[in-house]
Amino acid sequence: MPCERKPMRYGHSEGHTEVCFDDTGKFIVTCGHDGDVRIWENLDDDDPRFITVGEKAYSLALKNGKLVTANSSNAVQIHTFPDGEPDGILTRFTTNATHVTFNTSGSKVAAGSSDFLVKVVEVSDSSQQKTLRGHEAPVLSVTFDPKGDFLASASCDGSVVVWNIEEQAQVISWPVLQKTNDVSNAKSLCRLAWQPRTAKFLAVPVETKVHLYERESWNHVTTLSDDLLNQPINVAAWSPCGNFLAAASVGGFIIVWDIESKLCVERQKHEKGFTVCGLAWHPSGSQIAYTDTEGCLGLLEGFRASVPTTNTPKVPAGKPERGYEDLFDDEDDDQVMDEGCSDANSPAKKAASGVQADEEDDDDFVIPATGRVKNRGAILDDENSLDSGSLKFGRPKFGDDNDDDADSAVMTAGPLPATLRPVYEGPQPTPPQKAFQPGSTPVHLTHRFMMWNSVGTVRGYNDEQDNAIDVEFHDTAVHHAMHLTNSLGHTMTDVSQEAVLLACASTNELASKIHCLHFSSWDTNKEWMVDLPQGEDARALCLGQGWAAVATSTLIVRLFTIGGVQREIFSLPGAVVCMAGHGEQLLIVYHRGTGFDGEQALGVQLLQFGRKRRQIINGEPLPISQKSYLCWLGFTAEGTPCYVDSEGVVRMLNRSLGFTWTPVCNTRDTCKSKSDHYWVVGVHENPQQLRCIPCKGSRYPPTLPRPAVAILPFKLPLCQTTTEKGQMEEQFWRSVLFHNHYSFLSSSGYEVDEVGQSQSQKEQQELLMKMFALSCKLEREFRCVELAELMTQNVVTLAIRYASKSRRMALAQRLSEIALEKASQIQEEEQEDVTEYSDIRQTSSGRSSYDQTDVREKHHRRQTLEDERSQELEEEEGEREIESEDGVEAPKRLNPFAKVPGSSLEQATPLCE
């Protein structure tokens, strides 16, 4: 197998390096001690792209457009490839991770670390983790069984362990390595390698040899060695076809063995004799990339099939010759790596000449779990078909010519077998988002926030020393801090000014439990507990004013009083995602169906438990950004529902526009880096504040030290907000939206701050007059009339004066008609109010009523406030006229009114608690 060794290239600073190819073989990807990941188009690439992942990068893995790295921040990070955009943190360790690897499908990542742990993490949902405990020293390397059942790991404690991933238990352990106390002191990195596709053998570098262990039996089958290897082997790597095994040593030797013959077919020496610490095969099997401890990258090219003909297995007698339709299994096992095969030796020519093959490979033609036929390009004889030099060959036969374990297929043009059907290539279903508790960090974290809201924080600790919960209140007047022993394993909680509500999942012995600490109770019994029925688990919970709600795995929502009395129960149309409560309102988000192409199909329900119980929103679709998921759900401090998706878009319910959802902020606009995020903990409408915790390089904050809360501004995504017109429009409609809560609270029977409500109306009318003046200047009279429709009667009168002074008589005439209409509307409303409330008396339920005197006083107060506002605006206009007559330059008509003190949102008076 003669090959060519290319001159090495400098890539990283001195230290440990690793290398891999992308799935297509187009890029070579390396990482090193300088903390960079470099993407090379080829060895001659003089300007490779790079991604900085940390101070140091210890390991990398690449699959399905996802790049995973282990860096000096004790975290396993994920980036998109080849863009290099940060995509979050998969998992964390207490020390640095030493090795990472993907499974065959790319759905899971395994990582070993210096804290003796091995973790297996789902790429699509990092909360799904399995921790393998048992090593007594730092982990050197990890590798997945291609069939997905097992994982092998090597450690500085001298052992190589095979784990059952599902059971998280050791299957077997071989004490074959020399013991050390740290990875830096180990003589070899012992990079394990599992034979691809067949998963028949596990290759373990042991000193100067490679041991092969057989799957299932776990017997030591054979040992691969070479006379030139006089120093420990650092890393082993299988060829994509599984027929060849390459190994690199501390002394700089690279050896390639043919597994069937156990013969060395290639020997290469590092040009300077440095230690080779990274090794990777090209997907086609034609190249081997390697890196050394000096940060350099090298390449071996031109591997060819060169197995002696004496090793060609004989054709078993008595087997009939197979036609073209039968040639969908492997050819003779002397066919090895394929690139560069001549026409005479090509698989298609051998098939045409009548070469016989085994007939026991029918199982190899089962369509894979991905739903796509293997070597589909080789089946169809068109311009996209693969030539014979790019076909992959079968698995090796080790020791027995009759044991045909071939897994790949050599295919020729011809009719498709009946077992092959057209493959569906349409939109793929999106995995449904799992239920979560808003304001909490993932459950798998050892130290996590179980809740952070406007009342307080709940922190959970689950390590070897302690399993406890700490509850702290922002206002210590509500209640003092509490420390709870988490003996039941509570995983979700909510906290209000009345109680702390907790829930735990069921086990084989115990049912799922709801535990409430009612600290505001005036009696001596401050807590109660309820067991859910068998087979029913709590998925989400929340607290309101005097009530608690729990959504379960059986699509049921259970209501309780704050004292523990069971109330109504009702069913949801789909699995719950999260819930939130505020006062008398309950907000529920659930799956209303299956999403496709990364979209989540979510529905929302809003219920109100007031004197008149009703459902405000009944199963409407919840709008979120494309290919995003829900991150936070809750209410503003004033009681308006809002939520945040993974793209950072904050949306709030607009009650005045048919209960639609309006985007009011995008937290991504203020992030300095694409890997930074804001974790929302609270929303206020007056003053307008979005309370968030900045998270650098992560979506979640650490529990210690206590993170600081930042305040972000709101901004409606209106068009052309860089212009003066767009800015005033955005300010006006944001003011209207954020002051809708006054009418909601008033209609719900709450007392409202009339001064704050009046101030907000004054602010809106000022903005309307400014936009009116700007439209007049731009000679947009029709637009002026549209703005006047939004004004009150007194402000319309002021607009008429402004139009008259601007000598726009046609506009002033139209505004006069609008003023008359508004005056008549006010009279009609007053008459309706008098008629409606004149006959209302005190009801049996104790609800207070209004008489004619109350109505008249109410309208009198409102008219007085409007007159005062109009008078203030007129006085300011009069002052401008006097200044102009005295020779002082009058202000621009664009802004005829000075800003009224106290009108800004920052000075607005908060409404009721």
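Our subject in this report is the structure included herewith.

What counts, and where the lines are drawn
Residues numbered from 1 in each chain as written. Predicted model: local features only at pLDDT ≥ 70, side-chain atom pairs only at ≥ 80, totals over all residues. Heavy atoms only, no water. Helix = DSSP H or I, 4+ residues; strand = E, 2+ residues; numbered from the N terminus. Contact = heavy atoms within 4.5 Å. Areas by Shrake-Rupley, 256 points an atom, 1.4 Å probe, with all protein chains shown as cover. Axes fitted to C-alpha atoms, helices over the stretch in contact; angles between N-to-C directions. Parallel < 35°, antiparallel > 145°, perpendicular 65-115°, else oblique. Left-handed = near helix turned anticlockwise from the far one by under 90°. Nonpolar A, V, L, I, M, F, W, Y, C, P; charged D, E, K, R; others polar. Pairing = 2+ DSSP bridges. Buried < 20%, exposed > 50% of the residue type's maximum accessible area, 1.4 Å probe, protein only. Core = buried A, V, L, I, M, F, W, Y, C linked by side-chain atoms within 4.5 Å.

**Focus: the overall build of the protein**
Helix and strand counts for the protein come out as nine helices and 51 strands. Across the protein, the fraction of contacts at a sequence separation of at least 24, relative to all contacts at a separation of at least 6, is 49%. Of the roughly 43,100 Å² of accessible surface on the protein, 48% is carried by carbon and sulfur atoms.

**Comments concerning the packing of helix α5 (residues 754–777) against helix α7 (residues 793–805)**
For the pair α5 and α7, the least separation of the axes is 11 Å and the interaxial angle reads 25°. Judged by the angle between their axes, α5 and α7 are roughly parallel. In the crossing of α5 with α7, the sense of the turn from one axis to the other is right-handed. Two secondary-structure elements touch here, α5 through Gln765, Met769, Phe772, Ala773 and Cys776 and α7 through Val795, Ala799 and Tyr802. Looking at side-chain class alone, the contact of α5 with α7 contains seven nonpolar, one polar and no charged residues.

**What to know about the sheet that holds strand β50 (residues 689–695)**
Pairing in this open sheet of three strands is antiparallel, and the strands run β49-β50-β51 from one edge to the other. Each of the sheet's edge strands pairs with one partner strand only, and the pair in question is β49 (677–684) and β51 (710–712). The average angle at which neighbouring strand axes cross in this sheet is 40°, direction not considered.

**Some words on unusual backbone geometry**
Residue Pro687 is reached from Asn686 by a cis peptide bond, and omega for that bond is 0°. Mapping Pro687 onto the fold places it in the loop between β49 and β50. In this structure, Glu207 takes a positive phi of about 55° despite not being glycine. Considering the arrangement of structural elements, one finds Glu207 in the loop between β19 (201–206) and β20 (209–214). Here the phi dihedral of Leu555 falls at roughly 65°; this positive angle occurs in a residue that is not glycine. Here Leu555 shows up in the loop between β38 (547–552) and β39 (556–561). Judged by relative accessible area, Leu555 falls into the partly exposed class, the value being 31%.

**As for the nonpolar core**
One finds Phe772, Met791, Leu811 and Leu815 to be the most contacted residues of the largest nonpolar core, which totals 27 residues. Mapped onto this core, the elements with two or more residues apiece are α3 (724–738), α5, α6 (781–788), α7 and α8 (809–837). Ranked by residue count, the leading element in this core is α5, at eight residues. Ignoring anything within four residues of it in the chain, the contact list for Phe772 reads Cys784, Leu787, Met791, Ala799, Tyr802, Leu811 and Leu815. The next biggest cluster of nonpolar side chains, apart from the first, holds 20 residues, and it includes Ala137, Phe150, Cys190 and Tyr213.

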